[in-house]
Amino acid sequence: MNEENEKKVRIGMAEMIVARNPTIISTTVGSCIALCMYDSMNRIGGMVHIVLPKKEDFDKGNIDSVQRYADTAVPALLSALISKGAKKEYIKAKIAGGANMFPILNHPILKIGVNNANVVKKKLADLGIPLVAEDTGGNRGRIIEFEVGSGTMKINTMDGKERKI
Amino acid sequence: MSGQDKSEYRRNSEMIPENEILREIGSMGAGHAATALSELIQQKISITFPEIFVAYPEEVPKKLGLHDMPVVVIYKNLQGSYDCDILLVFGREEADKIVSAMIKNTFNMEELDEEMKKSAIEEVGNIVIGSFLSAISNFTNMELLPTPPIHTTDVFDAILDVFLAKLRLQNRKAMVFQTCFKKNGEEIYGAVIIFLNEKLRDELISRGKSWLEG
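Every chain begins its residue count from 1, and numbering advances along the sequence as written. The lettering of chains begins at A and the numbering of ligands begins at 1, in the order of writing. Local features in this predicted model are restricted to residues whose pLDDT is 70 or higher, and side-chain atom pairs enter the listing and the counts only when it is 80 or higher, whereas totals over whole chains, interfaces and linings include all residues. The side-chain numbers reported here are obtained from all heavy atoms of the structure, hydrogens and water having been left aside.

Next up on the list: the overall build of chain A. Across its full length, chain A holds three helices and ten strands. By sequence separation, contacts in chain A at least 24 residues apart represent 63% of the contacts at least 6 residues apart. Computed by Shrake-Rupley with a 1.4 Å probe, the accessible areas treat only the displayed protein chains as cover when residues are assessed. Accessible surface, chain A: about 7200 Å² in total, of which carbon and sulfur atoms supply 48%. The helix count covers DSSP runs of H or I at least four residues long, the strand count covers runs of E at least two residues long, and both are numbered beginning at the N terminus. Contact definition: two residues touch when any of their heavy atoms are within 4.5 Å.

It is worth spelling out the interface of chain A and chain B at this point. With 27 residues of chain A in contact, the opposing surface of chain B contributes 21 residues. The term buried area denotes the loss of accessible surface (1.4 Å probe radius) that occurs when two parts are joined, taken as the sum for both partners. Carbon and sulfur atoms supply 70% of the area that chain A and chain B bury against each other, a total of about 2100 Å² over both sides. For salt bridges, the criterion is a side-chain nitrogen of Lys or Arg within 4 Å of an Asp or Glu carboxyl oxygen. Inspection of the region where chain A meets chain B yields two salt bridges. Where Arg10(A) meets Asp68(B), a salt bridge forms, and the shortest distance between an N and an O atom there is 3.1 Å.

On to unusual backbone geometry. As a rule of thumb, non-glycine residues mostly have phi less than zero, and peptide bonds are mostly trans rather than cis. For the peptide bond that leads from Asn21(A) to Pro22(A), omega is 0°, which places it in the cis range. Looking at the secondary structure, you find Pro22(A) in the loop between strand E2 (16-20) and strand E3 (23-29). With a phi angle near 55°, Arg43(A) is a residue other than glycine that sits in the positive phi range. By the secondary structure assignment, Arg43(A) is in the loop between strand E4 (33-39) and strand E5 (44-50). Here Asn184(B), not a glycine, exhibits a phi torsion of approximately 50°, which is positive.

The relative placement of two packed helices comes down to the angle between their axes together with the axis-to-axis distance. Residues and elements named next belong to chain A. For helices, the axis comes from a line fit to the C-alpha atoms of the stretch in contact; other axes are also lines fit to C-alpha atoms, and the angle between any two N-to-C directions lies between 0 and 180 degrees. At a minimum axis separation of 8 Å, helix H2 (residues 70-83) and helix H3 (residues 112-127) run at an interaxial angle of 45°. Put simply, H2 runs oblique to H3. Crossing handedness for the pair H2 and H3: right-handed. Across the interface between the two elements, Ala70, Asp71, Val74, Pro75 and Leu78 of H2 pack against Asn116, Val119, Val120, Lys123, Leu124 and Leu127 of H3. Orientation labels follow simple angle bins: below 35 degrees gives roughly parallel, above 145 gives roughly antiparallel, 65 to 115 gives roughly perpendicular, and whatever is left gives oblique. The hand of a helix crossing depends on one turn: near helix anticlockwise from the far one by less than a right angle means left-handed, and clockwise means right-handed.

This part is about the confidence of the model for chain B. One confidence number per residue, pLDDT, is output by the predictor and ranges from 0 to 100. Per-residue confidence for chain B gives a mean pLDDT of 78; residues scoring 70 or more make up 81%. Segment residues 1-16 of chain B is flagged for pLDDT under 50; beyond a separation of four residues in sequence, or across chains, it makes 23 contacts in the model.

Turning our attention to the pattern of salt bridges. All names here are of chain A. The tally for this structure, following the rule as stated, stands at nine salt bridges over all chains. For the salt bridge of Lys154 with Glu145, the shortest nitrogen-to-oxygen distance reads 3.3 Å. Only protein chains enter the area calculation, which uses a 1.4 Å probe; residues under 20% of their type maximum are buried, those over 50% are exposed, and those in between are partly exposed. For Glu145, a relative accessible area of 24% corresponds to the partly exposed category. Residues participating in the shared-partner salt-bridge network are Asp135, Arg142 and Arg163.

Time to look at the packing of aromatic side chains. Residues and elements named next belong to chain B. Whether two aromatic rings pair depends on their centres lying within 6.5 Å, for rings of Phe, Tyr and Trp, where Trp uses its six-membered ring; planes under 30 degrees apart make the pair stacked, over 60 edge-to-face, and the rest tilted. Applying the stated criterion across every chain yields a total of five aromatic pairs over all chains. Their ring planes at 70° and their centres at 5.0 Å tell us that Phe132 and Phe177 sit as a pair that is edge-to-face. With Phe132 in helix H5 (residues 114-140) and Phe177 in strand E5 (residues 174-183), this residue pair connects regions lying 45 residues apart in the sequence. Through a chain of ring-to-ring contacts, the aromatic side chains of Phe49, Phe132 and Phe177 assemble into a single cluster.

Right, let's get into the pairing of E5(B). All names here are of chain B. Where burial is concerned, most of E5 is hidden: eight out of the ten residues are buried. For two strands to count as paired, DSSP must find a minimum of two bridges between them. Both strand E1 (residues 46-55) and E5 contribute to a ladder of eight bridges, which runs antiparallel. Bridge pairing in E5 places Ile47 opposite Phe181. The antiparallel pairing of E5 with strand E6 (residues 186-196) creates a hairpin that spans two residues between the two strands, and Asn184 there sits at a positive phi of about 50°.

Let us look at the sheet that holds strand E6 (residues 92-97) of chain A. Residues and elements named next belong to chain A. Read from one edge of the open sheet, five strands run E2-E5-E4-E6-E7, paired in mixed fashion. Pairing within the sheet leaves two strands with one partner each, and these edge strands are E2 and strand E7 (131-136). On average, adjacent strands in this sheet sit at an angle of 15° to one another, irrespective of strand direction. Across the face of the sheet, H2 comes into contact with E2, E4 and E5 while running at roughly 160° to E5. Each of E4, E5, E6 and E7 is contacted by H3, which is oriented at about 25° to E4, the strand it contacts most.

Dropping the structure here:
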């Protein structure tokens, strides 16, 4: 990767970006999911920051962005990648996030992390996109950097641990 | 703003800005909290709010200079129809300072284990958040029963995630009171963040208006 040309972009909640190599996409998630998909043959990848599990359960008026919800964000990222030149047969997915930040509490919304991860996985399976790696659950936030060319996700947690998937 | 400035508001505006009602709740809350903390440690602590603002929750970490930073959060929630989340947030260094300010007279910081630090900061959270709730309660004449304090340390943006997921459902904004604790000239900064639901917010504003106009 040519460091000088490398671009860094950050996405926030319910945002999505597709970029060509060399680009690093970063975000921070707690109960949210960072879903990354990439086609390493065509050196293109993207990330979407998913907040809630199913759109129909939360967005009754159907007015909100598809990127906020797991069941609609997965096909949205897939279409965006294909429209930018990725080939579906090469596309792989990785996910990170879905933590329970307040494990002691019993409020259903605070357990949303697990539901988010489950809905993403189900939707990937439905669409035939292989989930090749994941770092989900637990009760720590994750700072994520995704290299679109290689598909590597670098994950940092506040306990000082860094891992790559 | 204090009670004696009420006439100023009557003169200046028909619509009393939401921020001014918040400021009033903040100043009541700060007064209660400062008294309770001072009594607890037998030394004078004062609390001021250098800045109060209303913002979309996702903007809060940047506005407080705590974007992707490790923070200590103490959290309490009001359940039921007046659902409300209140957080007291300290950057990690400020959290150590407030713990030290709380217990310096009794222990050396070196003697403290993590459990003791945790319970000291939870107590600060309990008092400060509890004082805000009493202020809201006084304003609205409602009895508000919060959950016990919960304490967590993590990246600020990640902690907010879960509140954002919840808030998204109601399109709520965050009310942020940047908070300065002063003891013996030392200043320690934190923030109180309140996510009111619409029902409680409307109640506060309507009671606040009649209080200010009364």
